[in-house]
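Topology and contacts: notes
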Amino acid sequence: MTRPLPPTGPGADHPTPAGAAADRPAGAPGGPADASGGPADASGGAAGGDASRLPADDVRGEPAASLARRGEAEAYFGRPGRALARHPFAFGFTAALGVLSAWLLVQALAASASVLILIAVSLFLAIGLNPAVRWLEERGLSRQWAITAVFTAVIVFFVGFGVAVVPPLATQTGDFVTQLPTYIGELQNHPQIRALDQQYQLLDRLQQYLLSGDLGRQVFGGLLGAATVVVSAVFSALTVLILTLYLLASLRSITSLGYRLVPASRRERVQLLGDEVIKRIGGYVAGNLLISLIAGVTTFVFLSIARVPYSLAISLIVAITDLIPLVGATIGAAVGTLVGLFVSVPTGIACLIFFIVYQQIENYLIAPRIMMSSVDVPAAVTIIAALIGGTLLGVVGALLAIPIAAAIQLVLYEVTLPRQDRH
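On a predicted model such as this, the values are computed, not experimentally measured, just so you know. (Residues numbered from 1 in each chain as written. Predicted model: local features only at pLDDT ≥ 70, side-chain atom pairs only at ≥ 80, totals over all residues. Heavy atoms only, no water.)

**Some points on the confidence of the model for the protein chain**
Applied cut-off: On a range of 0 to 100, pLDDT expresses the predictor's confidence in each residue. A run of H or I in DSSP counts as a helix once it spans at least four residues, and a run of E counts as a strand once it spans at least two, with each numbered from the N terminus. The contact definition used throughout considers only heavy atoms, calling two residues in contact when any of these lie within 4.5 Å.
Per-residue confidence for the protein chain averages 75 on the pLDDT scale, and 69% of its residues sit at or above 70. For the protein chain, the element scoring lowest by mean pLDDT is helix H1 (residues 20-23), at 44; helix H9 (residues 251-260) scores highest, at 90. Within the model, the stretch residues 9-55 combines pLDDT values under 50 with 39 contacts to residues more than four positions away or in other chains.

Set out below in structure tokens:
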């Protein structure tokens, strides 16, 4: 037997089941009589009586009429049970689902970590190249032509670096392979090496190792590994260049969209802070490039005077490694000094003295004057940020750490400390 539907609105559109009105207390909505004992008002709807007899609005904001209809439905279908959300099974299921979602999110971030790093580096470079683009725009060029000019200069630099470094490296590698038998013969004629060979048979073991197939397999495996690293580095470099181009072209729309995500009441202040952060990052990149340019030009002049071979390639290496905070200048100085030692010991000592003197001039005269106007970060904060960034992401982390520290310092001085002073 099918049970009829409950009344859901004013009037007697649906017949009232037998016994339903009798089961309700007197005065209840839909009962046989209201609180005064009179019959239900035919024109007053299912509630009966006037509107003053409706229950008051719920504290949660639910209207009284809705409460009345819900009371009828509950009385008709029975009293509802306890909410399922309070059940231990539902709570445990919800908690497990949240943990699973968090774990999947962490796994997704870990799997895409390399891509996220490339995107971060590209955005960093786009923000860093933006001042040069704006400078060209102020000189009358459109933004498209300004971006084209800046990217052309970047590509020319990398092509020039490859042309200057790769041929000398290939030539020196070939010369070393050609002169390898001569080096081995000189080792055999050396008295100390001869004494060690007589005691430990070092040259015999070396000869057996060279004639065996283990060397060929290891060299072939090493060449494959080196080729894989080179291909991966080239692909990453091309990806960064393409992403930087697109991000630089759409930097204004990206920042505008980011500011629109902020509530309107705070949008103006966030925009001012965001523009200042972008300005400081661009100033850091421009200042760092200028310092590296000065280091490369100075090194090229000195090495040319000292008649050190491949002075252009060494100066480019010094300029690129000088971009790395803390250890970059030392790496470039070590490369230049090592090549100078190949020429002669006095030339190597002269190169070492030059790099030591120049690093002191750069650290105490050049870098403070250039960076003070763009990124005013204390020296201790710079060192700590570079160490933390290098530990987390290597060279990329060390490059990104200082402008991130500058942004954090700006937010700290402009937002956090004034808020703390007001309380």
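Having seen it, we continue.
**Concerning unusual backbone geometry**
Stated precisely, the cut-off is as follows: Note on exposure labels: buried denotes an accessible area under 20% of the residue type's maximum, exposed denotes more than 50%, and partly exposed covers the range between, all computed with a 1.4 Å probe on protein chains only.
One non-glycine residue, Arg307, lies in positive phi territory at about 60 degrees. With respect to the helices, strands and loops of the structure, Arg307 is situated in the loop between helix H10 (264-305) and helix H11 (311-321). A positive phi angle, near 55 degrees, is found at Tyr310, a position not held by glycine. Residue Tyr310 is classed as partly exposed on the basis of its relative accessible area, which comes to 34%.

**What to know about a positive patch on the surface**
Here is the rule we go by: Patch members must show over 30% relative accessible area and no salt bridge, and they are joined within 9 Å when carrying like charges or within 5 Å when they are nonpolar side chains of Val, Leu, Ile, Met, Phe, Trp or Tyr. For every accessible area listed, the method is Shrake-Rupley and the probe measures 1.4 Å; residues are considered covered only by the protein chains on display. For this analysis, a salt bridge means a side-chain nitrogen from Lys or Arg found within 4 Å of a carboxyl oxygen belonging to Asp or Glu. Under this rule, positive means Lys or Arg and negative means Asp or Glu; His and the chain ends count for nothing. By convention, charge coordinates are those of NZ in Lys, CZ in Arg, CG in Asp, or CD in Glu.
A grouping of Arg266, Arg269, Arg419 and Arg422 is seen on the molecular surface, where their side chains present a positively charged patch. Residue assignment for the positive patch shows that the elements contributing at least two residues are H10 and helix H14 (379-422). Take Arg419: it is sitting in helix H14.

**Digging into a nonpolar patch on the surface**
Among the surface-exposed residues, Leu338, Leu341, Phe342, Val345, Ile349, Ile353, Val357, Ile361, Tyr364 and Leu365 lie close enough to one another that they form a single nonpolar patch of about 1,000 Å² accessible area. Counting only elements with at least two residues in the nonpolar patch, the list comes to helix H12 (328-343) and helix H13 (345-371). In terms of residues, the nonpolar patch owes the most to one element, H13, which gives seven residues. Mapped onto the elements of the fold, Ile353 is located in helix H13.

**Comments concerning the environment of Ile370**
Tracing the backbone through its elements, the reader meets Ile370 in helix H13. On the basis of relative accessibility, which here comes to 18%, the residue Ile370 falls in the buried class. Counting along the chain gives 86 residues from Ile370 to Tyr284, while the straight-line C-alpha distance between them is 9.0 Å. Once you skip the residues sitting within four places of it in the chain, Ile370 turns out to touch Gly287, Leu290, Ile291 and Ile294.

**Some words on H14**
Owing to its 3.6 residues per turn, the α-helix aligns residues three or four sequence positions apart on the same side. Operational definition: The span you would expect from a helix comes to 1.5 Å times its residue count less one. To obtain the bend at a residue, axes are fitted to the seven residues ending there and to the seven starting there, and the angle between these axes is taken.
Taking 1.5 Å per residue as the helical rise, H14 with its 44 residues ought to reach 64 Å, whereas the 29 Å between its terminal C-alpha atoms falls clearly short. The largest bend in H14 comes to about 150 degrees, at Leu393.

**What to know about the pattern of salt bridges**
Two side chains that carry opposite charge are able to pair once their charged atoms sit near each other. Counted under the stated rule, the structure contains four salt bridges. Between Arg252 and Glu137 there is a salt bridge whose closest N-O contact spans 3.2 Å. Remark: Glu137 occurs in helix H4 (residues 113-138) and Arg252 occurs in helix H9; sequence separation between them is 115 residues. Judged by relative accessible area, Glu137 falls into the partly exposed class, the value being 21%. Between Glu138 and Arg139 there is a salt bridge; the shortest N-O distance is 3.4 Å. Here Glu138 falls in the exposed class, since its relative accessible area comes to 60%. Judged by relative accessible area, Arg139 falls into the exposed class, the value being 52%. A cluster of three or more residues bridged by salt bridges with shared partners is formed by Glu137, Arg143 and Arg252.

**What to know about empty space enclosed by the protein**
Quick reminder of the rule: A 1.4 Å probe that fits into a set of points on a 1 Å grid over the protein atoms alone but cannot get out defines a cavity; an open set with protein on both sides within 12 Å along at least five of seven lines defines a pocket, and lining residues are those with an atom within 4 Å of a point. Grid points are joined across faces, edges and corners, and a volume is the space filled by probe spheres set on the points. Residue polarity is assigned by list, with Asp, Glu, Lys and Arg as charged and Ala, Val, Leu, Ile, Met, Phe, Trp, Tyr, Cys and Pro as nonpolar; anything else, Gly included, falls into the polar class.
Scanning the model with the defined rule gives one cavity of 30 Å³ or more in all. In this structure, the largest cavity encloses a volume near 60 Å³. Lining the largest cavity we find Ala295, Thr299, Val318, Asp322, Ala329, Ala333, Phe355, Tyr358 and Gln359. For the lining of the largest cavity, the elements supplying multiple residues, two or more each, are H10, H12 and H13. The element best represented in the lining of the largest cavity is H13, accounting for three residues. Looking at side-chain class alone, the lining of the largest cavity contains six nonpolar, two polar and one charged residues.

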